[in-house]
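# A look at the structure
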Amino acid sequence: MINLAQKDIAHSLGKFIVTSMGVGMLLGIVLIMIGVYRGMIVDAQILLNDLDVDLWVVQEDTLGPFAEASRIHESLKETLRAIDGVDKAGALTFQNIQLPATPKPVRVVAVGFDPHGSFNAIKPERIIAGRTLQRSHYEIVVTDKTGFKVGETIKLGRNNFKVVGITKGTVSSGGDSLVYISLKDAQELQFSYSNNRIRNDKARGIINRDSHMVNTIVASLKPGYSNDMVANAIRRFKHKSVYTKAEQKTILTKNLVEKSSKQIGMFTAILVAVSTIIIALIIYTMTLEKMKEISIMKLIGIPNSLIIKMVVQETLLLAFIAFIFGNIFAYLIYDKFPKRVVLEMPDAWMLLIVIIVFAILSSLIGVKKVISADPAAAIGG
Amino acid sequence: MSEKSIRVENLIKNFGEGESLVEVIDGASFSIDKGELVALTAPSGAGKTTLLMMIGCVEEPTSGTIYLGDEKVYDNKWLTKETRKIRREKIGFIFQAHHLIPFLTVLENVTLVPQTNGISKKDSEKDAMELLKYFEISDKANATSAQLSGGQNQRVSIARALANKPEIILADEPTAALDLKRSVDVVKMLKKIAVDQNVAVVIVTHDEAMYPLCDRIIKIENKKVISTEVNS
């Protein structure tokens with residue numbers, strides 16, 4: 001039996017392909033949007049996975065250090081080490097800073113850690129040039145996206161920092177590049193004030209400035225100790241909030257990324273709706289263009305089922321080719337985005353199912369037109 | 001004894017109702033034999049195309065009876081839900097314009113209806129090629145209508161009308177867009193088909209020059225079939 005859809009498409013192949021490419025670009029953007037969300041989830045967990053600690057101790061009643069601000073005394077790490085089950089403890093700081101770069105400053109998150117302490121915040125395999133921090137002062141490790149090279153000097157606050165290492169793929173939960181400095185430098189940057197400010201504070205009678213603060217103390221446990229048990233002990237006796245790695249992951253992915261994911265979800269839904277409307281309009285227009293032929297076919301006795309099959313097959317093929325173009329488009333541009341975009345096959349298959357279902361629904365508008373076509377319209381010139 | 005191919009009894013067709021009622025055909029009764037070429041003529045708007053569409057099971061009459069061959073297809077209502085099947089199996093249509101499907105080749109246009117009727121691709125293509133040879137356009141089998149001249153397209157459309165081996169051919173003003181010579185050629189071709197294929201051919205035409213080529217003329221005037229005279 002003659003496949004009418006195949007013949008019709010072959011007759012206007014260029015137009016069909018260009019139309020499919022247009023819809024495909026829309027679907028590609030849908031895939032990119034999903035990829036942006038996936039990228040946010042990955043980014044949110046990079047630091048967490050690189051540190052790979054069991055417990056995060058933060059200021060009481062906060063969701064610190066990422067979702068809420070948290071300040072605690074650095075000395076708490078010594079106390080934690082004395083708690084039964086704790087193997088190692090170390091202090092960390094996190095702060096947003098702007099690196100003075102040309103043509104414009106680069107916004108980064110600086111992670112402060114003790115290079116001689118229990119934890120190295122920089123995973124060795126992330127370093128692509130230079131080395132990790134080795135001194136307690138004036139060294140900085142930056143990510144490749146900042147554009148700095150090993151050996152360059154960056155002025156932060158009152159001091160100059162020498163770039164000693166370059167990492168790749170290290171970003172904060174917000175997607176900003178990570179840089180690493182020593183804990184002491186970080187504390188000075190975050191908690192020390194300028195001379196003018198200190199003089200001003202003294203004049204106001206404020207003299208007690210404690211720069212030995214950190215944002216979190218992280219701890220790893222000895223084998224055989226449960227995270228929850230040790231966490232409960234710290235909560236009870238030290239009046240701090242304590243999160244296990246899994247809980248911190250939940251905070252990052254739910255509290256921090258949730259709104260963004262809803263935002264992206266809304267955009268994605270709107271884009272899918274727009275794509276569906278466009279497919280429906282294209283099919284409707286394609287059907288309208290063939291109304292004379294459809295009337296003739298009905299007049300000479302071609303059953304509706306055969307004509308409807310043509311419309312539905314064309315819709316499905318349009319959706320499928322658009323899906324393929326969408327994937328090609330997404331894979332061509334995804335690494336050009338400033339933030340991480342993660343394209344996953346399950347998302348693509350899910351989009352294919354959704355778009356096929358919507359394409360079938362949108363073909364109904366063309367099918368309705370076929371059913372209502374008057375065979376008598378073929379008569380009379 | 002001649003075999004009736006079309007028989008119409010007391011056929012009435014009205015459009016609208018109440019004050020807006022328009023009577024188009026009022027009690028038409030006639031018959032057409034197999035092998036006969038009949039011209040259906042009337043002033044513009046008098047209902048000849050409507051009558052053609054009623055015979056072709058496209059337009060539903062208001063009342064009356066229609067027989068196609070031995071089968072009564074209408075008796076104050078359609079006697080089958082599948083009027084389209086009747087068209088597909090019993091009737092061949094020829095239009096004023098060729099009305100070929102532009103995205104199908106000549107061969108596909110001619111084989112579409114037979115294949116829909118369940119004839120295999122191989123058999124339908126064999127029959128179609130014979131028809132195309134008959135109309136001397138077999139070398140254009142793989143061309144589309146856009147690649148053919150007007151005359152070639154008209155011949156393909158006649159081949160398509162014959163492809164389902166119909167009992168009746170209904171032609172709606174097939175010569176309206178042609179010059180006299182080509183019009184005569186087309187009507188002579190239809191006469192030959194009527195005889196060769198033993199089918200009833202009804203052509204709607206205004207062109208009086210075609211009347212002598214037909215076996216009979218059916219005229220509609222003032223809603224009535226006023227004459228069914230043998231052409232002599």
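Sequence order as written defines the numbering, with residues in each chain counted from 1. Following the order in which they are written, the chains are lettered starting with A and the ligands numbered starting with 1. In keeping with the predicted nature of the model, local features appear solely for residues at pLDDT of at least 70, side-chain atom pairs appear and are counted solely at 80 or more, and the whole-chain, interface and lining totals rest on all residues. Excluding hydrogens and water, the side-chain values take into account all heavy atoms of the structure.

### Some words on the domain arrangement of chain A
Residue and element names in this part refer to chain A. What counts is decided by this rule: Boundaries of every domain are those given by an automatic assignment or by a domain database. Residues are treated as being in contact if the distance between any of their heavy atoms lies within 4.5 Å. The term buried area means the drop in 1.4 Å probe accessible area that two parts suffer when joined, counted for both and summed. Salt bridge, as applied in this entry: a Lys or Arg side-chain nitrogen positioned within 4 Å of an Asp or Glu carboxyl oxygen. As used in this structure description, the phrase polar contact means that two N or O atoms lie within 3.5 Å; if the pair is within protein, one of them must be able to donate a hydrogen and the other to accept it, and residues adjacent in sequence are counted only when both atoms belong to side chains. Three classes are used, and their members are as follows: Ala, Val, Leu, Ile, Met, Phe, Trp, Tyr, Cys and Pro are nonpolar, Asp, Glu, Lys and Arg are charged, and the others, Gly among them, are polar.
According to the domain assignment, chain A contains domain 1 (4–43 + 259–378) and domain 2 (60–239). Summarising the inter-unit geometry, the C-alpha centres of domain 1 and domain 2 are found 49 Å apart. Counting from both sides, the interface comprises 4 residues of domain 1 and, opposite them, 7 residues of domain 2. Summed over both sides, the interface of domain 1 with domain 2 buries roughly 400 Å², with 36% coming from carbon and sulfur. Ranking the residues of domain 1 by area buried against domain 2 places Asp43, Lys339 and Arg340 at the top, with a combined share of 82%. At the boundary of domain 1 and domain 2, one finds 0 salt bridges. Counting across the interface, domain 1 meets domain 2 through 2 residue pairs in polar contact (both at pLDDT 80 or more). Its residues placed into classes, the side of domain 1 that touches domain 2 shows 1 nonpolar, no polar and 3 charged.

### Considerations on helix α6 (residues 180–197) of chain B
All names here are of chain B. Operational definition: In this description a helix means any DSSP run of H or I spanning at least four residues, a strand means any run of E spanning at least two, and both kinds are numbered starting from the N terminus. A helix is expected to span 1.5 Å multiplied by its residue count minus one. When accessible area is computed with a 1.4 Å probe and restricted to protein chains, residues below 20% of their type maximum are described as buried, those above 50% as exposed, and intermediate ones as partly exposed. This arc is taken over the directions from the axis of the helix to the C-beta atoms.
The end-to-end C-alpha distance of α6, which contains 18 residues, comes to 25 Å, matching closely the 26 Å that a straight helix rising 1.5 Å per residue would cover. Along α6, the positions that sit buried rather than exposed are Ser183, Val186, Val187, Leu190, Ile193 and Ala194. Summarising the axial view, the buried residues of α6 lie within an arc of 115 degrees, below the 170-degree limit, and thus occupy one face. In this structure, the buried side of α6 is in contact with β3 (37–41), β6 (91–94), α4 (121–134), α5 (150–163), β7 (168–172) and β8 (200–204).

### A look at the pairing of strand β5 (residues 71–75) of chain B
Residues and elements named next belong to chain B. Put simply, the rule is: Between any two strands, at least two bridges found by DSSP are needed for them to pair.
Here 4 bridges tie strand β4 (residues 63–68) to β5, and the two strands are oriented antiparallel to one another. Its bridge partner being in β5, Thr65 is matched across the sheet by Asp75. Between β4 and β5, which follow one another and run antiparallel, lie 2 residues, and Gly69 among them has a positive phi close to 65 degrees.

### Details of the nonpolar core
We count it as follows: Joining through side-chain atoms within 4.5 Å is the link that ties buried Ala, Val, Leu, Ile, Met, Phe, Trp, Tyr and Cys residues into a set, and such a set is a nonpolar core.
Ranked by internal contacts, the top residues of the largest apolar core, which has 119 residues, are Leu4, Trp56, Tyr180 and Met297 of chain A together with Phe30, Leu51 and Leu68 of chain B. No other element matches the 15 residues that helix α2 (residues 13–51) of chain A contributes to this core. Taken together, domain 1 (4–43 + 259–378) and domain 2 (60–239) of chain A each give at least three residues to this core, which thus spans both. Dropping the residues within four chain positions of it, Phe30 of chain B is found in contact with Ile6, Arg7, Val8, Leu51, Ile55, Ile218, Val225 and Thr228 of chain B.

### Notes on the environment of Arg235 of chain A
Residue and element names in this part refer to chain A. Mapped onto the elements, Arg235 comes out in helix α6 (residues 227–238). The class of Arg235 is partly exposed, set by a relative accessible area of 30%. Considered as a pair, Arg235 and Glu60 are 175 residues apart in the sequence and their alpha carbons are 8.5 Å apart. Ignoring any residue separated from it by four or fewer positions in sequence, one finds Arg235 in contact with Lys240, Val242 and Glu247.

### Points about the pairing of β3 of chain B
Residues and elements named next belong to chain B. Judged by how many residues are buried, β3 sits mostly within the fold: 5 of 5 residues are covered. Where burial is concerned, the two faces of β3 agree: the one with Leu37, Ala39 and Thr41 and the one with Val38 and Leu40 are both buried. As defined by bridge partners, β3 adjoins strand β9 (residues 216–221) across 4 bridges and the pair is classed as parallel. When the sheet's bridge partners are listed, Thr41 is paired in β9 with Lys219.

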